[in-house]
Amino acid sequence: SSRPHLALISPSSRHPQPPPSAAAPDPLEMKAAQGTAEAAKEGVSSCTAKLSKLVGSGVQSSAGFVKDGLSSTAKRGQELGAGVATGVVAAANTAVAGGVSSVTSVTRATVGRRGDNELRPAADAVSDADVVAPTPPERWFTPRDGWTAQDGSGGQPHLLMPTARVEEALFEPEEDDIGELRVEVLECEGLPNTDSITGLSLSGNKTDSYAMVVFEGSAARTSIVWNSLNPRWGAHDKDSFRAFKFGVRKPYSVL
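Scope of this entry: the structure provided in the associated data block.

So, how was this worked out
- Within any chain, residue numbers begin from 1 and follow the written order of that chain's sequence.
- Only residues with pLDDT of 70 or above have their local features reported here, since the model is predicted, and side-chain atom pairs are shown and tallied only from 80 upward, although totals for entire chains, interfaces and linings are computed over all residues.
- Neither water nor hydrogens contribute to the side-chain values; these are computed over all heavy atoms in the structure.
- Strands here mean DSSP runs of E at least two residues long; helices mean DSSP runs of H or I at least four residues long; both are numbered from the N terminus.
- Exposure categories follow from relative accessible area, calculated using a 1.4 Å probe and restricted to protein chains: below 20% of the type maximum is buried, above 50% is exposed, and the middle band is partly exposed.
- For accessible areas, the Shrake-Rupley method is used with a probe of radius 1.4 Å. Any residue's cover is judged against the shown protein chains and nothing else.
- Any Phe, Tyr or Trp ring, taking Trp's six-membered ring, that has another such ring centre within 6.5 Å forms a pair; planes under 30 degrees apart are called stacked, those over 60 apart edge-to-face, and the others tilted.
- In this scheme, the term charge over a ring applies when either NZ of a lysine or CZ of an arginine sits within 6 Å of the ring centre and within 35 degrees of the ring normal.
- We count a salt bridge whenever a side-chain nitrogen from Lys or Arg sits within 4 Å of a carboxyl oxygen from Asp or Glu.
- Criterion used throughout: strands pair if DSSP finds at least two bridges between them.
- Residues belong to one nonpolar core when they are buried, are Ala, Val, Leu, Ile, Met, Phe, Trp, Tyr or Cys, and are joined through side-chain atoms within 4.5 Å.
- In this analysis, two residues are considered to be in contact whenever any of their non-hydrogen atoms come within 4.5 Å of each other.
- Only residues whose relative accessible area exceeds 30% and that take part in no salt bridge are eligible for patches, with like-charged residues grouped when within 9 Å of each other and nonpolar side chains (Val, Leu, Ile, Met, Phe, Trp, Tyr) grouped when within 5 Å.
- Here a cavity is any set of points on a 1 Å grid over the protein atoms alone where a 1.4 Å probe fits but cannot get out, and a pocket is any open set with protein on both sides within 12 Å along at least 5 of 7 lines; a residue lines the site when it has an atom within 4 Å of a point.
- Grid points are joined across faces, edges and corners, and a volume is the space filled by probe spheres set on the points.
- Each residue gets one label: Ala, Val, Leu, Ile, Met, Phe, Trp, Tyr, Cys and Pro are nonpolar, Asp, Glu, Lys and Arg are charged, and the others, such as Gly, are polar.
- Under this definition, polar contacts are N or O atom pairs within 3.5 Å; protein pairs additionally need one hydrogen-donor-capable and one acceptor-capable atom, and for neighbouring residues in sequence, both atoms have to be side-chain atoms.

What follows deals with the overall build of the protein chain. Helix and strand counts for the protein chain stand at three helices and five strands. Along its sequence from the N terminus, the protein chain presents helices and strands in the succession α-α-α-β-β-β-β-β. By residue count, 23% of the 255 residues in the protein chain fall in the buried class. Only carbon and sulfur atoms are counted for the fraction: they give 59% of the accessible area of the protein chain, which is about 18400 Å².

Structural data, given as structure tokens:
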């Protein structure tokens, strides 16, 4: 037969002992801790009060500076406003007393003299006989040579393209032409006034008229007829450039 198994149980495991209780706090340490907390609380309150006072003083000071600056600026603005008003009144009085003598164009092409933007007198009347008269041979433009004649002041209309004297490679031999086109610009009627200011046309200030001719890659323009809505170009007028010769290379070219 087998023997019974015996288990041994210690007395401590049969009756467990409660854990040891914590030691009681020291009354002196509790009093010291309470005093430290109260001191810290009073310190925080004191710092908060001082900070609020400093911030309030700073805000008041800044507001004072801003107020003083605005007052000074407003005063200066009144002085400047008075000065501007006085200057405007003085300028207006001067303009009214002197009157408007002329109006100049901002940009204006000139014949022979560049940079001359003064208001020019209206063009002289050109007679019907001078308009229909044939242009002298020396006053014709060609793309190869440009203008050969000069106006009364030694100038010529501005060239829109270089001539053969400047760039020979641009021109083909004249013997390849199949013909010659001759154009004479005689007159125009009823042109719009492009020199008016915001729809207000001042006396004497009218369109400075010219015509541009373009044919087979060449371009040129007439002389300018100053301040005229009905320009005319005379055959024998030294300031008039109106005649053009173009070599024709294609039978279907458009002028």
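Another aspect to go through is the packing of aromatic side chains. Applying the stated rule across the entire model yields six aromatic pairs. Measuring from centroid to centroid gives 5.8 Å for Phe 141 and Phe 244, while their planes differ by 65°, and the two rings are edge-to-face. With Phe 141 in strand β1 (residues 140-141) and Phe 244 in strand β5 (residues 243-248), this residue pair connects regions lying 103 residues apart in the sequence. The burial state of Phe 141 is the same as that of Phe 244; both residues are buried. Ring geometry for Phe 215 versus Phe 246: centroids 5.8 Å apart, planes at 50°, classification tilted. You can see Phe 215 sitting in strand β3 (residues 212-215) and its partner Phe 246 sitting in strand β5, a full 31 residues away along the chain. Aromatic ring contacts, followed pair by pair, group Phe 141, Trp 147, Phe 215, Phe 241, Phe 244 and Phe 246 into a single cluster. Directly above the ring of Tyr 210 sits Arg 221, whose terminal nitrogen or CZ lies 5.2 Å from the centroid.

Turning our eyes to something else, we now look at the pattern of salt bridges. In this structure the tally under the stated criterion is eight salt bridges. Here Arg 144 and Glu 168 are joined by a salt bridge, their closest N and O atoms 3.0 Å apart. Placement of the pair is Arg 144 in the loop between β1 and β2 (179-184) and Glu 168 in the loop between β1 and β2, with a sequence separation of 24 residues. When its relative accessible area of 18% is taken as the criterion, Arg 144 is described as buried. Overall, the relative accessible area of 45% leaves Glu 168 in the partly exposed class. Between Arg 232 and Glu 187 there is a salt bridge, with its nearest N and O atoms 2.9 Å apart. With a gap of 45 residues between them, Arg 232 in the loop between β4 (218-221) and β5 and Glu 187 in the loop between β2 and β3 connect regions that are remote in the sequence.

The subject of this paragraph is the sheet that holds β5. Hydrogen bonds along the backbone pair up the strands of a sheet, which may run parallel or antiparallel. Pairing is mixed in the open sheet, where three strands are placed in the order β1-β5-β2. The open sheet has two free edges, formed respectively by β1 and β2, since each of these has just one partner strand. Bridge count between β2 and β5: six bridges; the pairing is antiparallel. What sits directly across from Gly 179, in β5, is Val 248.

Turning next to the nonpolar core. Core analysis: the biggest nonpolar cluster contains 15 residues, and Phe 141, Trp 147, Val 185, Val 213, Phe 244 and Phe 246 have the highest contact counts within it. Put simply, the parts of the chain that give this core at least two residues each are β3 and β5. It is β5 that provides the largest number of residues to this core, a total of three residues. Here Trp 147 is in contact with Arg 139, Trp 140, Phe 141, Gln 156, Pro 157, Leu 159, Arg 221, Phe 241, Arg 242, Ala 243 and Phe 244, once residues within four sequence places are set aside.

Among the surface-exposed residues, Leu 160, Met 161, Tyr 210, Met 212 and Val 214 lie close enough to one another that they form a single nonpolar patch of about 450 Å² accessible area. By the secondary structure assignment, Tyr 210 is in the loop between β2 and β3. For Tyr 210, a relative accessible area of 43% translates into the label partly exposed.

What the largest pocket holds in volume is close to 680 Å³. Around the largest pocket sit 30 residues that line it, and Pro 143, Arg 144, Phe 171, Ser 218 and Gly 247 are the ones nearest its centre. Taken together, the elements giving at least two residues each to the lining of the largest pocket come down to β2, β4 and β5. Residue contributions to the lining of the largest pocket peak at four residues, all from β4. Its residues placed into classes, the lining of the largest pocket shows 13 nonpolar, six polar and eleven charged.

Bringing the side chain of Ser 228 into the picture now. You can see Ser 228 is positioned in the loop between β4 and β5. Judged by relative accessible area, which is 13%, Ser 228 ranks as buried. Side-chain polar atoms of Ser 228 contact the backbone nitrogen of Asn 230, separated by 3.2 Å. Apart from the residues within four sequence positions on either side, Ser 228 is in contact with Lys 206, Thr 207 and Ser 209.

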